[in-house]
Amino acid sequence: MHLKFHVLMIINELFVKNLISTQFPQWKYLPINSVKSSGWDNKTFHLGDQMIVRLPSALEYAPQIKKEYYWLPKLDSNLPLLIPTPVALGQPDDTYPWHWAIYQWIEGEQAHYDNIDNLSDFAGQLANFLRHLQSIESIDGPKAGADNFYRGGDIAIYSEQVINALDILNDKVDRNTIIKLWELAIKTAWTGKRVWVHGDISCGNLLVHNGKLHAVIDFGLLSVGDPACDLTIAWTFFDEKSRRDFFNELALGSDTQLRSAAWALWKALIVAADISQSNNFEAKRCLHVIAEVVCFIKSYLKNNQ
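Residues numbered from 1 in each chain as written. Predicted model: local features only at pLDDT ≥ 70, side-chain atom pairs only at ≥ 80, totals over all residues. Heavy atoms only, no water.

Undergrad: Now, about the packing of aromatic side chains: what can you tell me, with residues and values included?
TA: What the rule picks out here adds up to 20 aromatic pairs. Measuring from centroid to centroid gives 6.3 Å for Y150 and Y158, while their planes differ by 80°, and the two rings are edge-to-face. On the accessibility criterion, Y150 (29% relative accessible area) is partly exposed. Since its relative accessible area comes to 8%, Y158 is described here as buried. A ring pair is formed by W235 and F296, whose centres lie 4.7 Å apart and whose planes are at 55°; its orientation type is tilted. With W235 in helix α6 (residues 233-236) and F296 in helix α9 (residues 281-303), this residue pair connects regions lying 61 residues apart in the sequence. By relative accessible area, F296 is classed as buried at 18%. Here a set of aromatic residues connected by ring pairs shows up, and it is made of Y113, F122, W235, F237, F238, F246, F247, F296 and Y300. We note K74 situated over the ring of Y70; from NZ or CZ to the ring centre the distance is 4.6 Å. (Phe/Tyr/Trp six-rings, centres within 6.5 Å; stacked < 30°, edge-to-face > 60°. Buried < 20%, exposed > 50% of the residue type's maximum accessible area, 1.4 Å probe, protein only. Helix = DSSP H or I, 4+ residues; strand = E, 2+ residues; numbered from the N terminus. Lys NZ or Arg CZ within 6 Å of the ring centre and 35° of its normal.)

In structure tokens:
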């Protein structure tokens, strides 16, 4: 159900050291160490104390690097929080087939309940960042499509995946309520101006410093379109109060909330279905997200009869 993850080579410290030595010899003596949590789409390494190196981990993620390298400097000055600053663009060669990049290192820890002072304040800080992002002129921005997994586009493209996941999960989830939400959500559409969409607003891409949101990273799924996919953190991380504060701060309307719930539901369903045979933490987390969305839609249906 997920895109297959194909590693074509072993990307480790020695591999990166050879790339740096060949293409950027001015930094060849800097130490290289793996970042503790480098994510799924890219392999990430510290380069000295002030820079990081990011390399796409598979073909389907390769376009993200050049997109970031081009667009991030154009967005940076309009945003209230730090975002990655590209330093250099690595070229494909005989050892590595795609573009890769060097960025300035940003201090901070991935967002977690334990390092955030106040969850509602954090929700407001994120909403403020998204409002600024959405206000930037977007006329020439990249459109949603297969290269960013349709983030910012029409979520109806994933209808078949949702039904397949429901078939696999069977009685583990409330199928009837989920289908009602999905049908409601795909009947709505973003009717405003296309806005900038980060595409992956998740805890791993939100850095906290001194208890507050400090930076937003990993813009590889950047596009312009419907902002609903950027609101899924309301269901995956926020509690009822911070979720309400987040949506109130953004003021994007109930239809956008419905589509954001559908985006969260789609991801949780396909991940839960993919690992439904194991009783691990990720499966439980996905089922919790599904339960949160189901609770929301039941309330929504009750109030909109």
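Here the narrative resumes.
Undergrad: How would you summarise the nonpolar core if you had to cite specific residues and measurements?
TA: F238 and F246 are the most contacted members of the largest nonpolar core, which has 80 residues in total. A total of 13 residues in this core trace back to one element, the largest contributor, which is helix α8 (residues 254-274). When near neighbours in sequence (up to four residues on either side) are disregarded, F238 contacts L119, F122, A123, L126, I233, R243 and F246. (Core = buried A, V, L, I, M, F, W, Y, C linked by side-chain atoms within 4.5 Å. Contact = heavy atoms within 4.5 Å.)

Undergrad: Lay out the environment of L166 in plain terms, naming residues and giving numbers.
TA: In this fold, L166 is placed in helix α4 (residues 159-169). Overall, the relative accessible area of 1% leaves L166 in the buried class. In contact with L166, other than residues within four places in its own chain, are V173, R175, I178, I179 and L269.

Undergrad: Mind laying out the sheet that holds strand β4 (residues 86-90), listing which residues take part and the relevant values?
TA: Within the open sheet, the five strands sit side by side as β1-β2-β3-β5-β4. Their pairing is antiparallel. Pairing within the sheet leaves two strands with one partner each, and these edge strands are β1 (32-34) and β4. Taking the axes of each pair of neighbouring strands and ignoring which way they run, one obtains an average angle of 25° across the sheet. Of the strand pairs in this sheet, strand β2 (residues 42-47) and strand β3 (residues 51-56) are connected by six bridges, and their pairing is antiparallel. For H46, the partnering residue across the bridge sits in β3 and is I52. Helix α1 (residues 13-23) rests against β1, β2, β3, β4 and β5 (100-104) of the sheet, and its axis sits at about 140° to β1. Against the sheet, helix α2 (residues 63-76) touches β2, β3, β4 and β5, its axis set at about 150° to β4. (Pairing = 2+ DSSP bridges. Axes fitted to C-alpha atoms, helices over the stretch in contact; angles between N-to-C directions.)

Undergrad: Go over the sheet that holds strand β8 (residues 206-209) with me, naming the residues and quoting the values.
TA: Taken in spatial order, the three strands make up an open sheet running β6-β8-β9, and their pairing is antiparallel. Among the strands making up the open sheet, the edge pair consists of β6 (109-110) and β9 (212-216). This element, helix α3 (residues 119-135), spans β8 and β9 of the sheet and lies at about 30° to β9.

Undergrad: How would you sum up the pattern of salt bridges? Please name residues and give values.
TA: With the rule as written, the count across this model stands at 12 salt bridges. With a shortest N-O distance of 3.7 Å, D117 and K212 are connected by a salt bridge. Here the residue D117 occupies a position in the loop between β6 and α3, and K212 occupies one in strand β9, the gap between them amounting to 95 residues. Of the residues examined, D117 reaches a relative accessible area of 58% and is grouped as exposed. The closest approach of N and O atoms between D167 and R175, which form a salt bridge, is 2.9 Å. Assessed through its relative accessible area of 30%, R175 is described here as partly exposed. Here the residues in one salt-bridge network are R54, E68 and D218, joined through shared partners. (Salt bridge = Lys/Arg side-chain N within 4 Å of Asp/Glu carboxyl O.)

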